Amino acid sequence: MNRRVVITGAGVISSVGFGVDEFWRHCLQAKSVVTPVPSHWNRYADLHSRVWSPLPDIDFESSGITRIERLQLDPVSVFAIEAAHEALGRAGYTLRAAAGKSRTFIISDIDPSRFGVYLGTGIGGAYSFLHNHAHHLYERPRAIIVDYAKKRAPAENQQVLSDIATFMMHGPRFNPFVVSMLMPNAVSAAVGIKFSLTGPNLTYCVACASGTVAVGNAYRAVRDGHVDVAVSGGSEYLADDHGAILRGFDVAGTLVRDYTDPETANRPFDRDRSGFLFSQGGAAVLVLEELEHARRRGVTPIAEVVGFAETFDAHSMMSLAPGGEQIERMIRAALADADLTPRDVDYVNAHGTGTKNNDQTEAEVIDRVFGQSVRVNSTKSLIGHTIGASGAIEALVTALSLRDGMTHVCKNLVDPVIDLNFVRVVERFDPSVGLSQSFAFGGHNAAVVLRRFE
Amino acid sequence: MTVECAEASFRMQFPQPANSKPMNVQQRVLKTISDVLNRGESEIRLDASLRDDLQASSLDQMTLFIVLEDEFQRTIPQEEIADLRTVKDVVDFINKKLQETPQT
């Protein structure tokens, strides 16, 4: 008989809140943060999308993440540690400093070999890659230009030399830890090291589906007995010094284009949507735990994970297959895994990016499989797209919605592409089962099914 | 969390805790060595050898110098630190660096 898997703790970093309580309160208030991108990014390219959803300042020191670690880890790994620290604490685990290695923790009264780490990221340490690459490319030529400007350049050339030197700005060092900062697997490795966990340790790189795939595989690992507890979720950091990561999504035509009113620019499932809102990043970690293991510790689960499935479009690197046949197959497989049918589902946390292609196809599939019987929202309508973190953040929203019997609105939705049962107001309902789905560049589809814990 | 653009460098801005009391250069170097090597500040004597007495591995020394770069906002090229052996060598090197080069 399969073991039951429950979520016993969670942690989150997002543009609308740091920590589960603030995040969820702000989600229910439909809070969003939309600001112009850092102004100097506009010097490097004529960007079509010049707004983003930036993160708040975060006090990592209070979670035991020291400056020493922050200088040796990409922000994507720092975020993962931070969210895991919150999640393990909320799950009731006691952390103590490891003897002789004061920067790492040991979790009291556990078998660390039965704890796995399953985290997703879309681009891993791309920030560190680009940051150090700029230093590699620009340090010497910039020094030559600055030296020439100081010693020999005629007065009429000073301005242009200064302009070029400004363009070639770079960080102060080529970091000797750059390889371990940029490698995607640093995300799960950093968490395993920080909390001294010696079970399976995996980083899933599946673009926008990374978080969902990580949570889903963690669920399977606990259910099938490979581990008793899984630290699962996703993390992403999407800013870089020169705005190149945003530019990549911008030239692909995926980002919000019509932002005359930044507050309403991001509008998943609306006929007037124009692309997704770029996020600075974020992270969410869910502690998945075998039910008896959780019961012995006396903790109350947030929700239960009961199903998971993944399919692949085999169609296009950047575009959903029209008709969404593989998405439908995925939904039905995830429900079959949970021994449920579409009629049992009350709530769907949609991928809902706000791109023309995604929302049309996704709405068609939801309409076909569920019709009006499920409430639908898009967490990206509040926080924008956090790529590899998004699936984990949305699984968290699904869990909290089931726990509290209410969920956030699908923000800025006026004229829906298809008239599904979109969440327009925050009100009590009685959800028993929720499904959270993600679709990724490449063609990966994944969904997790959660049930209210009884 | 701001992405800064300054004349001399880009830098990811993480909020730093305020120092409780101002320290001189030597105290800051000793504190940094103590933090990086996880040793009590009393163990960090000026004549202690980084490698032999404090058992700092090459990885520890790499870490020490990126943290010192951050602490003092100076770039420290690896070739300049190859010959530093003792804690006092590091203190003297940092003092010299602070006098010679502008903040990065």
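Residues numbered from 1 in each chain as written. Chains lettered and ligands numbered in written order. Predicted model: local features only at pLDDT ≥ 70, side-chain atom pairs only at ≥ 80, totals over all residues. Heavy atoms only, no water.

Chemist: I'm lost on the overall build of chain A in this one. Help?
Modeler: On a plain count of helices and strands, chain A comes out with 15 helices and 16 strands. Dimensions of chain A along its principal axes, counting C-alpha atoms only, are 80 × 60 × 40 Å. With 454 residues in all, chain A has 63% of them scored as buried. When contacts within chain A are restricted to residue pairs at least 6 apart in sequence, long-range pairs at least 24 apart make up 78% of them. Here chain A has roughly 16500 Å² of accessible surface; of this, 53% comes from carbon and sulfur atoms. Positive and negative charge centroids in chain A, built from 43 and 50 side chains respectively, lie 4 Å apart. (Helix = DSSP H or I, 4+ residues; strand = E, 2+ residues; numbered from the N terminus. Buried < 20%, exposed > 50% of the residue type's maximum accessible area, 1.4 Å probe, protein only. Contact = heavy atoms within 4.5 Å. Areas by Shrake-Rupley, 256 points an atom, 1.4 Å probe, with all protein chains shown as cover. Lys, Arg positive; Asp, Glu negative; His and termini not counted. Charge placed at Lys NZ, Arg CZ, Asp CG, Glu CD.)

Chemist: How should I be thinking about the packing of aromatic side chains in this particular structure?
Modeler: Residues and elements named next belong to chain A. According to the stated counting rule, one finds eleven aromatic pairs over all chains in the structure shown. Ring centres of Trp-41 and Trp-52 lie 5.1 Å apart, and the angle between their planes is 65°; on these two criteria the pair is classed as edge-to-face. Residue Trp-41 is found in the loop between strand E3 (35-36) and strand E4 (51-52), and its partner Trp-52 is found in strand E4; the two are separated by eleven residues along the sequence. In this structure Trp-52 comes out as buried when scored by relative accessible area, which is 4%. With 6.1 Å between their ring centres and 55° between their planes, Phe-249 and Phe-278 make a pair best called tilted. Pair noted here: Phe-249 is in helix H9 (residues 244-251) and Phe-278 is in the loop between helix H10 (262-265) and strand E10 (281-290), with a separation of 29 residues, a long-range link. A connected cluster of aromatic rings, assembled from ring pairs, spans Phe-60, Phe-79, Tyr-127 and Tyr-237. For the cation-ring pair, Arg-43 lies above Phe-167, with the distance from its terminal atom to the ring centre recorded as 5.5 Å. Positioned above the aromatic ring of Tyr-93 is the side chain of Arg-297, whose terminal nitrogen or guanidinium carbon lies 3.8 Å from the ring centre. (Phe/Tyr/Trp six-rings, centres within 6.5 Å; stacked < 30°, edge-to-face > 60°. Lys NZ or Arg CZ within 6 Å of the ring centre and 35° of its normal.)

Chemist: Please clarify how the packing of helix H1 (residues 20-28) of chain A against helix H15 (residues 390-404) of chain A should be interpreted in this entry.
Modeler: The description of two helices packed together rests on the angle between their axes and the distance between the axes. All names here are of chain A. One way to put it is that H1 packs onto H15 with a least axis distance of 11 Å and a crossing angle of 75°. One way to sum up the angle between H1 and H15 is to call them roughly perpendicular. Listed contacts from H15 to Val-20, Phe-23 and Trp-24 of H1 are Ile-393, Leu-396, Val-397, Leu-400, Ser-401, Arg-403 and Asp-404. (Axes fitted to C-alpha atoms, helices over the stretch in contact; angles between N-to-C directions. Parallel < 35°, antiparallel > 145°, perpendicular 65-115°, else oblique.)

Chemist: How should the pattern of salt bridges be read in this particular structure?
Modeler: Opposite charge on two side chains lets them pair, provided their charged atoms get close. Residue and element names in this part refer to chain A. The full count for this structure, using the stated rule, is 32 salt bridges over all chains. A salt bridge links Arg-452 to Asp-430; the shortest N-O distance between them is 2.7 Å. Here the residue Arg-452 occupies a position in the segment after strand E16 (444-451), and Asp-430 occupies one in the loop between strand E14 (421-422) and strand E15 (433-439), the gap between them amounting to 22 residues. Residue Arg-452 is classed as partly exposed on the basis of its relative accessible area, which comes to 22%. For Asp-430, a relative accessible area of 58% puts it in the exposed group. (Salt bridge = Lys/Arg side-chain N within 4 Å of Asp/Glu carboxyl O.)

Chemist: Whenever I open this one, the environment of Ala48(B) confuses me. Can you help?
Modeler: Residue placement: Ala48(B) occurs in the loop between helix H1 (25-37) and helix H2 (58-72). Residues in contact with Ala48(B), not counting those within four places in the same chain, are Asp53(B), Leu54(B), Arg85(B), Thr86(B) and Val87(B).

Chemist: Just checking my understanding: could you explain unusual backbone geometry for this structure?
Modeler: Leaving glycine aside, a negative phi is the common case for residues, and trans is the common case for peptide bonds. Residue and element names in this part refer to chain A. Even without a glycine there, the phi angle at Asp-109 is positive, about 60°. Note that Asp-109 resides in the loop between strand E6 (101-107) and strand E7 (115-120). A relative accessible area of 83% means that Asp-109 is categorised as exposed.

Chemist: Teacher, can you tell me more about the environment of Glu82(A) here?
Modeler: Residues and elements named next belong to chain A. Mapping Glu-82 onto the fold places it in helix H3 (residues 75-90). Overall, Glu-82 belongs to the buried group, its relative accessible area being 4%. With sequence-adjacent residues up to four places away left out, Glu-82 is seen in contact with Ile-13, Phe-18, Asp-59, Phe-60, Ser-63 and Ile-65.

Chemist: Where do I start with the packing of H1(B) against H2(B) in this structure?
Modeler: Residue and element names in this part refer to chain B. Where H1 meets H2, the axes come as close as 10 Å, and the angle between the chain directions of the two elements is 140°. Classified by the angle their axes make, H1 and H2 are oblique. At the point where H1 passes H2, the crossing takes the right-handed sense. Of H2, the residues touching H1 (which contributes Val-25, Arg-28, Val-29, Thr-32, Ile-33, Val-36 and Leu-37) are Asp-60, Thr-63, Leu-64, Val-67, Leu-68, Glu-71 and Phe-72. A per-class count over the contact of H1 with H2 returns nine nonpolar, two polar and three charged. (Left-handed = near helix turned anticlockwise from the far one by under 90°. Nonpolar A, V, L, I, M, F, W, Y, C, P; charged D, E, K, R; others polar.)

Chemist: For this particular structure, what's the right way to read a nonpolar patch on the surface?
Modeler: Residues and elements named next belong to chain A. A cluster of nonpolar side chains, namely Met-317, Met-318 and Phe-441, defines an oily patch on the protein surface of about 320 Å² accessible area. Its place among the elements puts Phe-441 in the loop between E15 and E16. A relative accessible area of 31% means that Phe-441 is categorised as partly exposed. (Patch = residues over 30% accessible without salt bridge, like charges linked within 9 Å, V, L, I, M, F, W, Y side chains within 5 Å.)

Chemist: For this particular structure, what's the right way to read the confidence of the model for chain B?
Modeler: Do not read the predicted coordinates in detail wherever pLDDT is low. Residues and elements named next belong to chain B. Predicted confidence across chain B gives a mean pLDDT of 84, with 78% of residues reaching 70 or more. Confidence drops under pLDDT 50 across residues 5-12; counting only partners more than four residues distant or on other chains, this segment forms 32 contacts. With pTM at 0.95, the complex prediction returns an ipTM value of 0.83. (pLDDT = per-residue confidence, 0-100.)

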